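Overview (structure and organization)
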Amino acid sequence: MAYKHVMAAVDLSDEAGQVLKEAQRVAEDHGAKLSLITVVKPLTQVYGGLDMAAYTQASVNFEREAQNQAQEHLKSVGAGIGVAAEDTHAAIGAPAPQIVDTAKDLGVDLIVVGSHGKHGLGLLLGSTANGVLHHAECDVLTIRIKD
Ligand code: AMP
């Protein structure tokens, strides 16, 4: 089967290059469009357990700024490998559900993820990769990250 739309999920860590390279290769082999996504975690998720009520506005501003920075970073990563700015997506939320939902919205037929990111060293499969594999409606290619 030839894929038409490949989406690489990258967490902007050093390991992201391995995921990008493989996604690019598969997209080229299949003559498919390549999109990129990165997900910024909300502060409430990063600092779970804290009462964030008093900080709501500050955290909304912080998240918007983090999303803008992630978007700009992803655009420049995309520009370096021939992916148009409009095909780069920076979302806010829990990474796996955001990746799965965006893939559905964009009609992606192959999601490429790393076996683990910066948080999952030592794990066979990180929690994001695991969540995407469980919930995606399309195929998922997991790249074994070499440390
Ligand atoms: P993890 O499950 O965090 O160990 O990461 C496994 C893989 O999931 C990474 O190599 C990325 O491909 C993807 N991933 C993890 N976190 C994110 C994120 N915040 N945004 C996009 N992709 C992510």
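These numbers come from a predicted model, not from an experiment. (Residues numbered from 1 in each chain as written. Predicted model: local features only at pLDDT ≥ 70, side-chain atom pairs only at ≥ 80, totals over all residues. Heavy atoms only, no water.)

Our next topic: the nonpolar core. Of all hydrophobic cores here, the largest spans 19 residues; its most connected members are Val6, Leu34, Leu36 and Val112. Contributing elements (two or more residues each) for this core: β1 (5–9), α1 (16–30), β2 (33–40) and β4 (110–114). Examining the composition of this core, we find that 6 residues originate from one element, α1, more than from any other. With sequence-adjacent residues up to four places away left out, leucine 34 is seen in contact with Val6, Ala8, Ala23, Gln24, Ala27, Ile81, Val83 and Asp87. Membership of the second largest hydrophobic core comes to 15 residues, among which are Ala9, Val108, Ala129 and Ala136. (Core = buried A, V, L, I, M, F, W, Y, C linked by side-chain atoms within 4.5 Å. Buried < 20%, exposed > 50% of the residue type's maximum accessible area, 1.4 Å probe, protein only. Helix = DSSP H or I, 4+ residues; strand = E, 2+ residues; numbered from the N terminus. Contact = heavy atoms within 4.5 Å.)

With that settled, the discussion passes to α1. Across its 15 residues, α1 extends 21 Å between first and last C-alpha, which sits within 8% of the 21 Å expected from 1.5 Å per residue. For α1, the set of buried residues is Ala16, Val19, Leu20, Ala23, Val26 and Ala27. All buried residues of α1 fall inside an arc of 135 degrees around its axis, so they share one side. Among the exposed residues of α1, those oriented more than 90 degrees off its buried face are Lys21, Glu28 and Asp29. Two residues or fewer past α1, glycine 31 is found with a positive phi of approximately 60 degrees. (Expected span 1.5 Å × (residues − 1). Arc of directions from axis to C-beta.)

Purely spatial values, then, with no claim about function.
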